[in-house]
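Architecture at a glance
For reference, the chains in residue letters:
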Amino acid sequence: MADPPGCCSTCATCLLCPYSCQWITAKKEKRKGLRTTKCDCSWFLFLFCVFLFTLVWLYFAIIILNDFHNFNEFIFRQRKLWLDWSLVLLIATAVLISYSSVLLVLALCLQLCGQPLKLHWVHKILLILTALVVAAAFTGLGIKWAEEWKSARISLQATGPFLHIGTVGGMTLLAWPLASFIYRTRNTGLRVFLLLVYCAAMIALYLAPLAITSPCIMEENQLPPKPALVGHRGAPMLAPENTLMSLHKAVECDVQVFETDVMVSADGVPFLMHDEELTRTTNVQAVFPDRAAQSTAFNWTDLQQLDAGSWFLERRPFPTVQSLSPADRNETTKQRIPSLEQALEAAKQSNISIMFDLRPENHSDYQNFVNVTLGVILQSGIPLQQVLWLPDGFREDVKQQAPGVQQVYGRKRLKNEKEPVLHVNLPYQDMSSEEIRQYRQDNISVNLYVVNQPWLFSVLWCSGVSSVTTNACQVLKEMKHPIWLLPSSTYFMIWIVVDCVSFLIIIWAFVLLK
């Protein structure tokens, strides 16, 4: 197996050292008669598969960043340990993809230089471990966080056209080492098999856009209005969640609705709190070390003693905490748990709506919670059309006592609805683009949660969603246009050009290397 012109002994040695862990010159190889065996080819194929496996996981890791704050909260509730696990995920994924990428590039360069693919046993073990780690990650994702598979499908509407172009480019570059191997090998059966597999893969890629759909492939004049923003617990990237500071920061982000969670204290005062325990967002363990941290077990006087802001600076639930101004940091330390009455007054003064869940739904005194909460709303003086009622429990009673309150349903409409459903509030994974368009045509307001990443906001914008609940109102506020918007004719032209250029480069590679 002769070296191609230009592949010097020094280059071959530098490639063999990290791949095979051997300092062997090209001349010594010829004397030793080293060749690439079937076993070596099998390990190269395994390396290629591991690379693709880790590449797919990298894609998933980037997609699930939209929902990773939920994972951080879940771990805290289970282990009482706060850490931004997204950093751990990204660092580990970057190490795995970098390792497999470097090995794959070395192998392809060795093939182009006519050198044997003798993968060292250490690399073999590490590749097996890499495959097992990624497989375990996918398994855990499927068991504990299955809804993220739906997120991945939605993401393809945002990335599909670009993934197609990138994949065609990568497979086109693969033509060079493939042609080199085919011209060197003496096994006719293997040569024909590889050519057939490669040609089949390229034909499938060339025709892939026929199956790619995206709501953002449309004319500019067909783009629906920008979705309204709903502040998820306020503006939790800029202020402690479910505080008055968070509400005011959300108003500065031009949100139209303040979304929050309401609980009722032991003495009957509705207040803002998401978790059933006070541990994550207050200093309850320092103030009341001997008491259970159940939110509804405290009276209002005790709740007012708790610091609801300092945890935000200490745990830094979002990277944006580092960029807070000194004035904002000082205001953060002064935050206390707000009552629903205070939140309604702030919403009324800011002229924004308020939407809330009433927790915990399984409480034995839940009906009383509903009555107490409704009483506070009616006494607050806020226009009832600014109140969006989410709880399903005792909804009929609420309709009778406060018919002006807007009823928001956490489900899709039914075929035989007794009353028209005008507002729905669902996870963004639960509605397709087609359903969103249909609801929009039927004048049903659709709010989807929780939407933090611009790519996801862009897809939902193009689909025509009415509003989105977000943690990142300061980011989505600045978006004046979806990330990308392509007329179908332009996308068709890009598709044809990419395929033609790819085909010509592949033909050139095989002709040149022959």
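Per an unreviewed UniProt entry, the chain carries the name GDPD2 inositolphosphodiesterase and comes from Falcunculus frontatus. Regarding the chain, the UniProt comment filed under Subcellular location (unreviewed entry) reads as follows: "Membrane". Under the Sequence similarities (unreviewed entry) heading, UniProt states for the chain: "Belongs to the glycerophosphoryl diester phosphodiesterase family."

1. Here we look at the overall build of the chain
Along its length, the chain carries 21 helices and nine strands. Principal axes of the C-alpha set define a box for the chain whose edges measure 90 × 55 × 40 Å. Across the 514 residues that make up the chain, the buried fraction comes to 49%. Once local pairs closer than 6 in sequence are excluded, the contacts in the chain between residues at least 24 apart make up 68%. Here the chain displays about 24900 Å² of accessible surface, and carbon together with sulfur accounts for 62% of that area. Taken together, the 42 basic and 41 acidic charged side chains of the chain have centroids lying 17 Å from each other.

2. Quick word on the nonpolar core
In terms of nonpolar packing, the biggest core is built from 42 residues, with Leu448, Phe457, Leu460 and Val468 touching the most fellow members. The set of elements that each furnish at least two residues to this core consists of helix H3 (38-63), helix H7 (147-173), strand E7 (423-427), helix H18 (433-441), strand E8 (445-449), helix H19 (454-463) and helix H20 (473-476). Domain assignment of the residues forming this core places at least three in each of domain 1 (12-20 + 37-214 + 492-512) and domain 2 (228-484). Leave out the neighbours within four places in its chain, and Leu448 touches Leu426, Pro427, Tyr428, Met431, Ile436, Leu460, Val465, Ser467, Val468 and Thr469. In this structure, Phe258, Leu344, Ile354 and Ala402 belong to the second largest nonpolar core, which totals 26 residues.

3. Side note on the state of the cysteines
Evaluation of the coordinates by the stated rule reveals one disulfide. The disulfide that involves Cys216 links it to Cys462, with 2.3 Å between the sulfurs. On the S-S bond that ties Cys216 to Cys462, the torsion sits near 95°, and the link is right-handed. Separated by 246 residues along the polypeptide, Cys216 in the loop between helix H9 (188-207) and strand E1 (228-232) and Cys462 in helix H19 bring together distant segments of the chain. Across the pair, Cys462 and Cys216 agree in class, each one buried. Looking at the unpaired Cys49, the closest cysteine sulfur is the one in Cys41, lying at 13 Å.

4. Observations regarding the environment of Thr469
Along the chain, Thr469 falls in strand E9 (residues 467-470). Judged by its relative accessible area of 2%, Thr469 is buried. For the pair Thr469 and Asn452, spaced 17 residues apart in sequence, the C-alpha separation works out to 8.4 Å.

5. A short note on the pattern of salt bridges
Where charged atoms from two side chains of opposite charge approach closely, those side chains can pair. Within this structure, the stated rule accounts for 22 salt bridges. Between Asp261 and Arg359 there is a salt bridge whose closest N-O contact spans 3.1 Å. Residue Asp261 is found in strand E2 (residues 257-264), and its partner Arg359 is found in the loop between strand E4 (353-358) and helix H16 (366-380); the two are separated by 98 residues along the sequence. Residue class for Asp261 comes out buried when judged on its relative accessible area of 1%. Two residues, Arg291 and Asp302, come together in a salt bridge whose shortest N-O distance is 2.9 Å. In this pair, Arg291 sits in the loop between helix H11 (284-287) and helix H12 (300-303) while Asp302 sits in helix H12, placing the two residues eleven residues apart along the sequence.

6. A look at the UniProt feature "transmembrane region" (unreviewed entry) in the chain
Sequence positions flagged by UniProt for "transmembrane region" (unreviewed entry) are, in local numbering, residues 41-65, 85-113, 125-143, 163-183, 190-212 and 492-513. Helix and strand shares over residues 41-65 are 92% and 0% respectively, and the end C-alpha atoms of the span are 37 Å apart. The distance from the first to the last C-alpha atom of residues 163-183 is 30 Å, and the span holds 95% helix and 0% strand.

7. Side note on a nonpolar patch on the surface
Taken together, the side chains of Trp121, Val122, Ile125, Leu126, Ile128, Leu129 and Leu132 make up a nonpolar region of the molecular surface, amounting to roughly 640 Å² of accessible area. Given a relative accessible area of 55%, Trp121 falls into the exposed group.

8. Overview of the confidence of the model for the chain
Summing up the model confidence of the chain, the mean pLDDT is 92 and the portion of residues at 70 or higher is 95%. A low-confidence stretch, residues 24-33 (pLDDT under 50), is modelled with 13 contacts involving residues beyond four sequence positions or located in other chains.

9. Describing the side chain of Thr469
For Thr469, the side chain forms a polar contact with the side chain of Asn447, separated by 2.8 Å. Apart from residues no more than four positions distant in its own chain, Thr469 is found in contact with Val230, His232, Met355, Asn425, Asn447, Leu448, Tyr449, Val450 and Val451.

10. Re H16
Between its terminal C-alpha atoms H16 stretches 21 Å, which fits the 21 Å expected from 15 residues at 1.5 Å a residue. When H16 is considered as a whole, its buried residues turn out to be Tyr366, Phe369, Val370, Thr373, Leu374, Val376, Ile377 and Ser380. Taken down its axis, H16 places every buried residue within 155° of arc, on the same side. At the exit of H16 stands Gly381, carrying a positive phi of roughly 85°.

11. Side note on the environment of Val468
Positionally, Val468 belongs in strand E9. What makes Val468 buried here is its relative accessible area of 0%. Placed 388 residues apart in sequence, Val468 and Lys80 show a C-alpha to C-alpha distance of 30 Å.

12. Brief notes about the packing of helix H5 (residues 85-112) against helix H6 (residues 121-144)
Following both chains from N to C, one finds H5 and H6 inclined at 140°, their axes separated by 11 Å at the closest point. Of the possible angle classes, the one that applies to H5 and H6 is oblique. Between H5 and H6 lies a crossing whose hand is left-handed. Two secondary-structure elements touch here, H5 through Leu96, Tyr99 and Leu103 and H6 through His123, Leu126, Leu127, Thr130, Val133 and Val134.

Rules behind the numbers
- Residues numbered from 1 in each chain as written.
- Predicted model: local features only at pLDDT ≥ 70, side-chain atom pairs only at ≥ 80, totals over all residues.
- Heavy atoms only, no water.
- UniProt positions renumbered as here; feature names shortened; annotations may be inferred.
- Helix = DSSP H or I, 4+ residues; strand = E, 2+ residues; numbered from the N terminus.
- Buried < 20%, exposed > 50% of the residue type's maximum accessible area, 1.4 Å probe, protein only.
- Contact = heavy atoms within 4.5 Å.
- Areas by Shrake-Rupley, 256 points an atom, 1.4 Å probe, with all protein chains shown as cover.
- Lys, Arg positive; Asp, Glu negative; His and termini not counted.
- Charge placed at Lys NZ, Arg CZ, Asp CG, Glu CD.
- Core = buried A, V, L, I, M, F, W, Y, C linked by side-chain atoms within 4.5 Å.
- Domains from an automatic or database assignment.
- Disulfide = S-S within 2.5 Å.
- Salt bridge = Lys/Arg side-chain N within 4 Å of Asp/Glu carboxyl O.
- Patch = residues over 30% accessible without salt bridge, like charges linked within 9 Å, V, L, I, M, F, W, Y side chains within 5 Å.
- pLDDT = per-residue confidence, 0-100.
- Polar contact = N/O pair within 3.5 Å; in protein donor to acceptor, adjacent residues only side chain to side chain.
- Expected span 1.5 Å × (residues − 1).
- Arc of directions from axis to C-beta.
- Axes fitted to C-alpha atoms, helices over the stretch in contact; angles between N-to-C directions.
- Parallel < 35°, antiparallel > 145°, perpendicular 65-115°, else oblique.
- Left-handed = near helix turned anticlockwise from the far one by under 90°.

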